[in-house]
Amino acid sequence: MRINRYLADCGFGSRRKTEELILSGKVRVNGVVETSLGIRISPMDRVMVGNKQAIPPEKNVFLALNKPKGYLCSHGDKFHSHTIFELLPGKFGRLAIAGRLDLDSRGLLLLSDDGNLIQEITHPSEGSEKEYSVSLDSEIPFERVKERFLKGFMDEGEFLKAEKVFSQDRKPESDSFRVVLKQGRKRQIRRMFAALGAKVTDLQRIRIGKLTLEKLNIGEGKFVLLDPKAWRP
């Protein structure tokens, strides 16, 4: 197995992230610093990343969590005490998060120790759609939202674009929308509606790929273990 995939399977991040670790000289194979991305790892090799040994899991963990408001998508933050890992058993404390939600948002999160899966879910080129239910503090014309979101626009040096947008109440002017993204910019939906003069009052992710909160039947703050292929479209 190529070394970048091996490290990703061991939970050291996406293949791109593990390539950075290798090229920066942080990886040793059988006691020797290895900076070649072409090296292959066998079950007999001892691989170290810094002072931590890379040990493949017997079986990758993949779970879905219904995040409540008020919890950070983080392993720890000195400025905020509540993180999503408080909602999970301690054995899941090292899982990586695919597609974070901000503090005031809620809904579907996917977590895994498989770096390749994390990369597939979060990278826009992989095509995994993420759908959100959005409530606003005021009504705005649906056609205005649709034209701006589907065309896309620049905001703070980033191009923001939606794949689909729907009015939930099907009125010409609405304060309730469904938005589908492939991008994952920081606070993207809040920024997109702010550009139209509206403030998001509630934001819930309801779908990633073909996986929905409804199908999983999980309550707020609850989680379920999944088949690793369950999220794919």
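Going by an unreviewed UniProt entry, the protein carries the name Pseudouridine synthase and comes from Leptospira semungkisensis. Of the protein, the UniProt comment under Sequence similarities (unreviewed entry) reads exactly: "Belongs to the pseudouridine synthase RsuA family."

*Asks:* Help me understand the domain arrangement of the protein in this model?
*Replies:* One frequently used descriptor of interface size is the decrease in accessible area upon assembly of the parts. What the domain assignment reports for the protein is domain 1 (3–53), domain 2 (62–126 + 211–230) and domain 3 (130–208). One C-alpha centre belongs to domain 2, the other to domain 3, and the line joining them spans 22 Å. Every contact between the two is made by 19 residues of domain 2 and, on the other side, 14 residues of domain 3. Buried surface at the junction of domain 2 and domain 3, summed over both partners, amounts to about 1,300 Å²; 42% is from carbon and sulfur atoms. Summed over the shared surface of domain 2 and domain 3, the number is four salt bridges. Among the ionic pairs, Arg 190 bridges to Asp 102, the shortest N-O distance being 3.0 Å. Inspection of the region where domain 2 meets domain 3 yields twelve residue pairs in polar contact (both at pLDDT 80 or more). Within the residue set of the side of domain 2 that touches domain 3, elements represented by two or more residues are strand S7 (106–112), helix H3 (115–122) and strand S14 (211–212). Here the side of domain 2 that touches domain 3 gets five residues from one element, more than from any other, and that element is S7.

*Asks:* How should the packing of aromatic side chains be read in this particular structure?
*Replies:* The way to describe two aromatic rings as a pair is by their centre distance and the angle between their planes. Applying the stated criterion across every chain yields a total of four aromatic pairs. Here Phe 142 and Phe 177 contribute two aromatic rings whose centre-to-centre distance is 6.5 Å and whose plane-to-plane angle is 20°, an arrangement assigned as stacked. On the criterion of sequence distance, the pair formed by Phe 142 in helix H4 (residues 142–151) and Phe 177 in strand S12 (residues 173–181) is long-range, its members being 35 residues apart. Both residues of the pair, Phe 142 and Phe 177, belong to the buried class. Taking 5.5 Å as the distance between ring centres and 40° as the angle between the ring planes, the aromatic pair formed by Phe 177 and Phe 193 counts as tilted. Placement of the pair is Phe 177 in strand S12 and Phe 193 in helix H5 (residues 188–194), with a sequence separation of 16 residues. For Phe 177, a relative accessible area of 0% corresponds to the buried category. Feature note: the residues Phe 142, Phe 149, Phe 177 and Phe 193 constitute an aromatic cluster, connected by ring pairs. In this structure, Arg 148 is placed above the aromatic ring of Phe 153, and the distance from its NZ or CZ to the ring centre is 4.2 Å.

*Asks:* Teacher, can you tell me more about the side chain of Asn 66 here?
*Replies:* The residue Asn 66 is located in strand S5 (residues 62–67) in this model. Of note is the side chain of Asn 66, whose polar atom sits 3.4 Å from the backbone oxygen of Ile 218. In contact with Asn 66, not counting residues within four places along its chain, are Gly 107, Leu 108, Leu 213, Ile 218, Gly 219, Glu 220, Gly 221 and Lys 222.

*Asks:* So what exactly am I meant to see when it comes to the pattern of salt bridges here?
*Replies:* Pairing between side chains of opposite charge can happen when their charged atoms approach one another. Counting across every chain of the model gives twelve salt bridges. A salt bridge links Arg 106 to Asp 202; the nearest nitrogen and oxygen atoms lie 2.8 Å apart. Pair noted here: Arg 106 is in strand S7 and Asp 202 is in strand S13 (residues 200–208), with a separation of 96 residues, a long-range link. Since its relative accessible area comes to 25%, Arg 106 is described here as partly exposed. Taken together, the shared-partner salt bridges connect Glu 129, Glu 131, Lys 164, Arg 178 and Arg 207 into one network.

Conventions and cut-offs
- The numbers attached to residues start from 1 for each chain and follow its sequence in the written order.
- Residues qualify for local features only when their pLDDT is at least 70, as the model is predicted, and side-chain atom pairs are given and counted only at 80 or more; totals for whole chains, interfaces and linings, by contrast, use all residues.
- Water and hydrogen atoms play no part in the side-chain values, which are based on all heavy atoms of the structure.
- UniProt positions are given in the numbering used here, feature names are shortened, and annotations may be inferred rather than shown by experiment.
- How far each domain reaches was decided by an automatic or database domain assignment.
- By definition in these notes, contact holds between two residues if any of their heavy atoms fall within 4.5 Å.
- Summed over both partners, the accessible area lost on bringing two parts together, with a 1.4 Å probe, is the buried area.
- We define a salt bridge as a contact between a side-chain nitrogen of Lys or Arg and a carboxyl oxygen of Asp or Glu at a distance within 4 Å.
- Any pair of nitrogen or oxygen atoms within 3.5 Å is treated as a polar contact; in protein, a donor-acceptor pairing is required on top of that, and neighbouring residues in sequence qualify only through side-chain atoms on both sides.
- Per the convention used, a helix needs a DSSP run of H or I reaching at least four residues, while a strand needs a run of E reaching at least two, with both numbered from the N terminus.
- The criterion for an aromatic pair is that two Phe, Tyr or Trp rings (for Trp, the six-membered ring) have centres within 6.5 Å, with stacked assigned to planes under 30 degrees apart, edge-to-face to planes over 60 apart and tilted to the rest.
- Only protein chains enter the accessibility calculation, which uses a 1.4 Å probe. A residue is then buried if its area is under 20% of the maximum for its type, exposed if over 50%, and partly exposed in between.
- Lysine NZ or arginine CZ positioned within 6 Å of the ring centre and within 35 degrees of the ring normal marks a charge as sitting over the ring.

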